[in-house]
Amino acid sequence: MIRTCLLIAVLLLGQATTDEEVANEGKREKRVSSTAIEKQSADVQFPDDSKNLKFRSAKNRDDASGVNGPDYNFPIVLPPYNQEGASPGSPDPSWGTCLLYIESIAVVVFSGKNQDLTSAVAVVDGDGQKNKFKFGDGALSCVKQGDKAPQEFWFLIDVDVNSPAKATKGSGEVLFTVEDPIRLKLSFRQNVDATWNLVDVKALSLAVRKGSWLAKDLSVNGGESSFNANRSMKIGGFNDYGYGCSSTPAAAWKIDNDYSVGVSFNNIQLQPFDIYISPDKKAIRFGRNVNDCVGLFSVASWMGLIVVLVMLGVLAFGYLMLNSVQTMDRFDDPKQKQLIINAKE
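This structure is a prediction, so every number in the text was calculated from the model and none was measured.

1. Describing the overall build of the protein
Alright, step 1. Each helix and strand in the protein was counted, giving 4 helices and 21 strands.
Alright, step 2. Taken over 345 residues, the protein has a buried fraction of 44%.
Alright, step 3. Summing over all exposed atoms, the protein offers an accessible surface of approximately 19200 Å²; the carbon and sulfur share of this is 52%.

This is how it looks when you write it as structure tokens:
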């Protein structure tokens, strides 16, 4: 009985954990690798410095024209050390020692109408290397060594959606699509108390096209800040810690009384300071200290623990009840007179 109870508890805990790791629209195979180089080893070879593309110093800009630079394949890595054109051997001084990794961007539409479906999600990823992100002038500005707090740093995410991302139902019905470029500016602050945090997310270009569920096209005003990014996403940590999350809460923009549009980042990892660069300057990694968005005990973990505790309680109660059953002394003591029952046939 004990083995059966424990086996059921383990199966329930495993199933709950698996369900939690499935994001809104698909299964996330992993969080983020310890390196910024997806599907490559830590000893990956980078191109020679002579092959590096030249980038001008980043300037603080909020225009919607996007990043002036070449295209790169997903996942998004800023600076793109894992692709040709950027090497740890000769980084631009404006890059600082920061690193951002994003596997995909989820565009969410929230509906305030009286509908059965209140939200829908379309995921923008590489899609067979069709969708690209840009890196170049104005792509980032990070804190450099020697800078004293408070300091601000930011990343400009510029994605060309060449393959439309579709929000669908189980039957394949297209609810809405994302076809236009996505340009987001993520602003952070290094604080005097040795911490850093996200302070603002601006949508320089963000739009969705109507579908069977969405009655009209929606777009965010260029340069508008999210009304909930700071308190909802909660991206931050101590100065010597990075941040990692399989799927962040959504930063949203209110379009009208009926609809809001938001974005969340899938498999994101960010380290604002002191990324690791190997002595030979041919490999780069995130640090080991990471502030994970999922705490020590997640909802699924608590559910599994509660089920195990309840089943152990039932098992203990049954064992104590059986252990408390007492037989008559007359049957246990052979020196006493035996019980004789006369029965007539």
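2. Some details on the nonpolar core
Alright, step 1. By size, the foremost hydrophobic cluster in this structure holds 69 residues, and its most contacted members are Phe155, Ile157, Val159 and Phe176.
Alright, step 2. No other element matches strand β3 (residues 99-111), which puts 7 residues into this core.

3. Quick notes on the pairing of strand β8 (residues 165-168)
Alright, step 1. Every second residue of β8 is oriented toward a common face, the buried set being Ala165 and Ala167 and the non-buried set Lys166 and Thr168.
Alright, step 2. Pairing of β8 with strand β9 (residues 174-178) involves 4 bridges; the strand directions are antiparallel. Bridging from a neighbouring strand, lysine 166 pairs with threonine 177 of β9.
Alright, step 3. As consecutive antiparallel partners, β8 and β9 are separated by 5 residues, and within that stretch glycine 172 has a phi angle of approximately 95 degrees, a positive value.

4. Brief notes about the state of the cysteines
Alright, step 1. What the rule picks out here adds up to 2 disulfides.
Alright, step 2. Bridging cysteine 245 to cysteine 293, the disulfide has an S-S length of 2.1 Å. Classification of the bridge connecting cysteine 245 and cysteine 293 rests on its S-S torsion, roughly 80 degrees, and on that basis the disulfide is right-handed. In this pair, cysteine 245 is assigned in strand β16 (residues 242-247) and cysteine 293 in the loop between β21 (290-292) and α3 (299-323), connecting sequence segments 48 residues apart.
Alright, step 3. Cysteine 245 sits in the buried class, given a relative accessible area of 1%.
Alright, step 4. Here cysteine 293 falls in the partly exposed class, since its relative accessible area comes to 34%.
Alright, step 5. Sequence-ordered numbering of the disulfide-bonded cysteines in the protein gives the connectivity 1-2, 3-4.

5. Quick word on the pairing of strand β10 (residues 182-190)
Alright, step 1. Taking burial as the measure, the 9 residues of β10 include 8 buried ones, the bulk of the element.
Alright, step 2. Both β10 and strand β11 (residues 195-205) contribute to a ladder of 8 bridges, which runs antiparallel. Residue pairing for β11: phenylalanine 188 is matched across the bridge by leucine 198.
Alright, step 3. Between β10 and the antiparallel strand that follows it, β11, lie 4 residues; alanine 194 among them carries a positive phi value of about 65 degrees.

6. Considering the packing of aromatic side chains
Alright, step 1. For the coordinates displayed, the defined rule picks out 8 aromatic pairs.
Alright, step 2. On the numbers, 5.2 Å between centres and 10 degrees between planes, the contact of phenylalanine 153 with phenylalanine 188 is stacked. Here phenylalanine 153, found in strand β7 (residues 151-160), pairs with phenylalanine 188, found in strand β10; they are 35 residues apart in sequence, far enough to count as distant.
Alright, step 3. A ring pair is formed by phenylalanine 153 and tryptophan 196, whose centres lie 6.4 Å apart and whose planes are at 55 degrees; its orientation type is tilted. Of this pair, phenylalanine 153 sits in strand β7 while tryptophan 196 sits in strand β11; the two residues are 43 residues apart in sequence, bridging distant segments of the chain. Of the two residues examined, phenylalanine 153 and tryptophan 196, each falls in the buried class.
Alright, step 4. Seen from the ring of tryptophan 154, lysine 185 lies directly overhead, with NZ or CZ sitting 4.7 Å from the centre.

7. Concerning α3
Alright, step 1. Here α3 is 25 residues long and its end C-alpha atoms lie 36 Å apart, about the 36 Å a rise of 1.5 Å per residue gives.
Alright, step 2. Among the residues making up α3, those that are buried are Ala300, Ser301, Gly304 and Leu315.

8. Some thoughts on the UniProt feature "transmembrane region" (unreviewed entry) in the protein
Alright, step 1. The positions that UniProt labels "transmembrane region" (unreviewed entry) are, in the present scheme, residues 299-322.
Alright, step 2. Secondary structure across residues 299-322 divides into 100% helix and 0% strand, with the first and last C-alpha atoms of the span separated by 35 Å.

9. Regarding the pattern of salt bridges
For side chains of opposite charge, pairing can occur when their charged atoms come near one another.
Alright, step 1. What the rule picks out here adds up to 7 salt bridges.
Alright, step 2. Between lysine 134 and aspartate 160 there is a salt bridge, with the nearest N and O atoms lying 3.6 Å from each other. With a gap of 26 residues between them, lysine 134 in strand β5 (residues 132-134) and aspartate 160 in strand β7 connect regions that are remote in the sequence.
Alright, step 3. On the basis of relative accessible area, lysine 134 is assigned to the buried category, the value being 17%.
Alright, step 4. By relative accessible area, which is 16% here, aspartate 160 ends up buried.

Scoring rules and cut-offs
Residues numbered from 1 in each chain as written. Predicted model: local features only at pLDDT ≥ 70, side-chain atom pairs only at ≥ 80, totals over all residues. Heavy atoms only, no water. Helix = DSSP H or I, 4+ residues; strand = E, 2+ residues; numbered from the N terminus. Buried < 20%, exposed > 50% of the residue type's maximum accessible area, 1.4 Å probe, protein only. Areas by Shrake-Rupley, 256 points an atom, 1.4 Å probe, with all protein chains shown as cover. Core = buried A, V, L, I, M, F, W, Y, C linked by side-chain atoms within 4.5 Å. Pairing = 2+ DSSP bridges. Disulfide = S-S within 2.5 Å. Phe/Tyr/Trp six-rings, centres within 6.5 Å; stacked < 30°, edge-to-face > 60°. Lys NZ or Arg CZ within 6 Å of the ring centre and 35° of its normal. Expected span 1.5 Å × (residues − 1). UniProt positions renumbered as here; feature names shortened; annotations may be inferred. Salt bridge = Lys/Arg side-chain N within 4 Å of Asp/Glu carboxyl O.

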